[in-house]
Every structure is written in structure tokens, then in C-alpha cells.
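So the chains spell out like this:
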Amino acid sequence: MSSTELPGAAAANAAVAPKVATVRVAEGEELRSVTLPGLTLTVRSRPPATAGLPPALYVHGLGGSSQNWSALMALLADAVDGEAIDLPGFGDSPPPDDGNYSVTGHARAVIRFLDASGRGPVHLIANSLGGAVCTRVAAVRPDLVRTLTLVSPALPELRVQRSAVPTALLALPGVALLFARLTKEWGAEQRTRGVLGLCYGNPARVTEEALRHAVEEMERRMRLPYFWDAMARSARGIVDAYTLGGQHGLWRQAERVLAPTLLVYGRRDRLVSYRKARKAAATFRDSRLLTLPDAGHVAMMEYPETVAQAFRELLDDGNRS
């Protein structure tokens, strides 16, 4: 058993874990389960306003879930036929059978889902870890991607922000288990407010209803036997991806992305430095940049209307070309 696994995590990874609580589904949304060899994914969707709209796929970040996209999905329901997946081990998706939480492992899950669904090419929209995953997807399978929208993508940084260090430390053997033990007395609301403080530029923007839903989701996640293992292994996957050089390096793969790309960065991001925005805009060959002065790490949740408008402009320009 890996030193980052909690007791019982290995057994949980070997089989589909039972659901510990009902996952919240917003009004107008639907959930379904997609089973692939060695992999089961939960998919959140919102029926499009009209038939025949182009398909879109939303991919969340580390510790997130498909629920992170509910606001943006609702705003874009008249523009795209949107689906959001829970990556393996997150949201309502059980761990992958092979225990692979690397960026490449998550990218394979996205590719396998798109291949199986037959919906590609799609408008691929991603945040944080999902941004790194979908950069790799767009580079190695350009046939699956119409456009790429990246919100605070987790691309390699030589100088990591101090506020991001605790998250990066989860990648070290034993740290996740230690943190779980040290914080076992923390309540779900305390944990949730800590996450919001890290991810939002201004946590005061979170409504009481949204906070309540977030606390309920945190309570559900903390009962999952594989929660900390999925977090630790995925964090390690990001760190490992940062150290890769050559053709497999994420910045090199970003150079190979052919799809028109929208980059969204928040100047108050405590996890991904907005200083990388300029490098990203210069690296992705067909890119446009949206910088939000008051946004943090999850601009699609803090300022969904602004992100939706930027995506519509990307879509409109593509339709005209």
C-alpha cells in the first residue's frame, strides 16, 4: 500500500465504492454513469436549448467535480450541448481500476470517454488540473477538439506561489495521511471555508445557498474511503508532469495545440500565478487572453457571465472563419 493511502483505500481502489450520499443535481441537470473497461465516469449534463448545438465537454480541477461547471453550463445552454465529467476518483466517479491519477491517466480517461461517446470534436473547457489534462488531450488528439478554453490551467511554474505550497506538498509520500490525521477534528464548514478562501479571489461572493451546498458536498467527500488517496496521487501527477521535459512536457505540448484557445486568468489566483498568462498566450499558437482583476482560481464560478461572454466570442469568431 502506498504511504499516501488511508487505511482501506487500496480495497476501495480495487472495486467500485458504494455511494455514501446523493450527489447534488441542480435544476435542469441530469446525471448518468458511463462504464468503460477499467473505468466508470459520472457525467453531468444539461439538455441544450435547441437541437443540433455543437458539443462541449467541461473538465474540473484538483479536488473539484462536475458541479464546478453548473453556473457556466446553464449560461451556455443556448450555445453548446454541454456535458461535464467527474474525473476518476473525484465527484461521483469511483477510482480507476489501475490507480493511475497522473495527468496522462486523466487525459486517457477524457480521450476514452470522447471516443466512446462519438461526440467529438468538442469545445473542451477546463480548469486547473483539468487545464493540464486537456492541454495534453488537445496536443495528442487534435481531432477531438474544436476549441480549447483553459481557466487557470495548471501548467509548469518554476517559482510556485507560497499560497500554493500546501497543495503541492500533498504530492509527497505520507503528507496526505498526516494532514488527514491532523485535521480529523475539522468540521465540513471549516474545511469548505478554507477551500473557498484559497480558490476564490473574494470568498464573500459565495452566497449562503452556495456555501450550504458546498458544505454538504464536503461532508459527502470526506466519507469516501479514497478521498485523500485521489487527492495525493493527482497532486503527485501534477508535480510529475511539471518535471517532464522534451516532447512530453506540457509547455511543449501547448505549442502543438492547433485548436483556437481561450485563456482565462485571475489576478488574485493563489494557486496558479497570473504571471504565467503572458507566457501561455505566447505559447498557444491561436490564443486569446482574458485576465480578470478580481478573480481567483475558479473564474468560471466567480464570474461565470464574463467567462461565458468570452467563450461566445471565441465561438462566434470560429463560426465566421
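Above this note sits the structure.
Residues numbered from 1 in each chain as written. Predicted model: local features only at pLDDT ≥ 70, side-chain atom pairs only at ≥ 80, totals over all residues. Heavy atoms only, no water.

Novice: Hey, could you run me through the nonpolar core in this one?
Specialist: Nonpolar side chains in soluble globular proteins generally cluster together in the buried interior. L57, V59, V110, L124, L148 and F284 are the most contacted members of the largest nonpolar core, which has 53 residues in total. Once you skip the residues sitting within four places of it in the chain, L148 turns out to touch L124, C134, A138, V257, A259, P260, T261, L262, F284 and L314. (Core = buried A, V, L, I, M, F, W, Y, C linked by side-chain atoms within 4.5 Å. Buried < 20%, exposed > 50% of the residue type's maximum accessible area, 1.4 Å probe, protein only. Contact = heavy atoms within 4.5 Å.)

Novice: What is the right way to look at the side chain of S66 in this model?
Specialist: Within the fold, S66 resides in the loop between β3 (55-59) and α2 (70-75). S66 sits in the buried class, given a relative accessible area of 0%. Of the polar contacts made by the side chain of S66, one reaches the side chain of R44; its length is 2.8 Å. Residues in contact with S66, not counting those within four places in the same chain, are R44, H60, A84, I85 and D86. (Helix = DSSP H or I, 4+ residues; strand = E, 2+ residues; numbered from the N terminus. Polar contact = N/O pair within 3.5 Å; in protein donor to acceptor, adjacent residues only side chain to side chain.)

Novice: Which parts of the structure should I look at to understand the pairing of strand β2 (residues 39-45)?
Specialist: The side chains of a regular strand alternate between both faces of the sheet. When you tally the buried positions in β2, you get 7 out of 7 residues, the bulk of the element. Every second residue of β2 is oriented toward a common face, with L39, L41, V43 and S45 on one face and T40, T42 and R44 on the other, all of them buried. Sheet topology note: the strand β1 (residues 30-36)/β2 ladder contains 7 bridges and is antiparallel. When the bridges of β2 are listed, T35 appears paired with T40. Between β1 and β2, which pair antiparallel and follow one another directly, the connecting turn spans 2 residues, one of which, G38, has a positive phi of 75°. As defined by bridge partners, β2 adjoins strand β4 (residues 81-85) across 3 bridges and the pair is classed as antiparallel. Note that in β4 the partner of S45 across the bridge is E83. (Pairing = 2+ DSSP bridges.)

Novice: Would you take a moment to explain helix α11 (residues 276-283) for this structure?
Specialist: A turn of α-helix holds 3.6 residues, and therefore any two residues three or four places apart point the same way. Here α11 has its buried residues at K276, A277, A280 and T283. Viewed end-on, α11 has its buried residues packed into an arc of 130°, placing them on one side of the element. Set apart from the buried face of α11 by more than 90 degrees, the exposed residues are R278 and A282. Of the surrounding secondary structure, the elements contacted by the buried residues of α11 are α10 (250-255), β7 (261-266) and β8 (287-292). (Arc of directions from axis to C-beta.)

Novice: How do you make sense of unusual backbone geometry when you look at a structure like this?
Specialist: Only a minority of non-glycine residues have a phi that is not negative, and only a minority of peptide bonds are not trans. Omega for the peptide link from G120 to P121 comes to 0°, which places this bond in the cis form. Following the sequence through the fold, P121 ends up in the loop between α3 (103-117) and β5 (122-127). For S128, which is not glycine, the phi dihedral falls at a positive 55°. Tracing the chain through its elements places S128 in the loop between β5 and α4 (129-140). On the basis of relative accessible area, S128 is assigned to the buried category, the value being 9%. Phi angles above zero are rare outside glycine, and S152 is one such case at about 45°. Mapped onto the elements of the fold, S152 is located in the loop between β6 (145-151) and α5 (165-169).

Novice: I tried to follow empty space enclosed by the protein on my own but got confused; where do I start?
Specialist: Over the atoms rolls a probe the size of a water molecule, and its path tells where empty space is left. Per the stated rule, a full pass over the model turns up 2 cavities of 30 Å³ or more. Looking at the largest cavity, the residues that line it are G63, G64, G89, F90, G91, R221, L224, F227, A230 and M231. Among the elements that take part in the lining of the largest cavity, helix α9 (residues 227-243) stands out by supplying 3 residues, more than any other. Here the second largest cavity defines a volume of roughly 40 Å³. Residues that form the lining of the second largest cavity fall into these classes: 5 nonpolar, 1 polar and 1 charged. (1 Å grid on protein atoms, 1.4 Å probe; cavity = no way out; pocket = protein on both sides within 12 Å on 5 of 7 lines; lining within 4 Å. Points joined across faces, edges and corners; volume = space filled by probe spheres on them. Nonpolar A, V, L, I, M, F, W, Y, C, P; charged D, E, K, R; others polar.)

Novice: Got a minute to help me understand the environment of P54 in this structure?
Specialist: Mapped onto the secondary structure, P54 falls in the loop between β2 and β3. Put simply, P54 and H123 are 69 residues apart on the chain and 7.7 Å apart in space, counted from C-alpha to C-alpha. P54 has contacts with A79, V80, D81, H123 and R146, leaving out every residue within four places of it along the chain.

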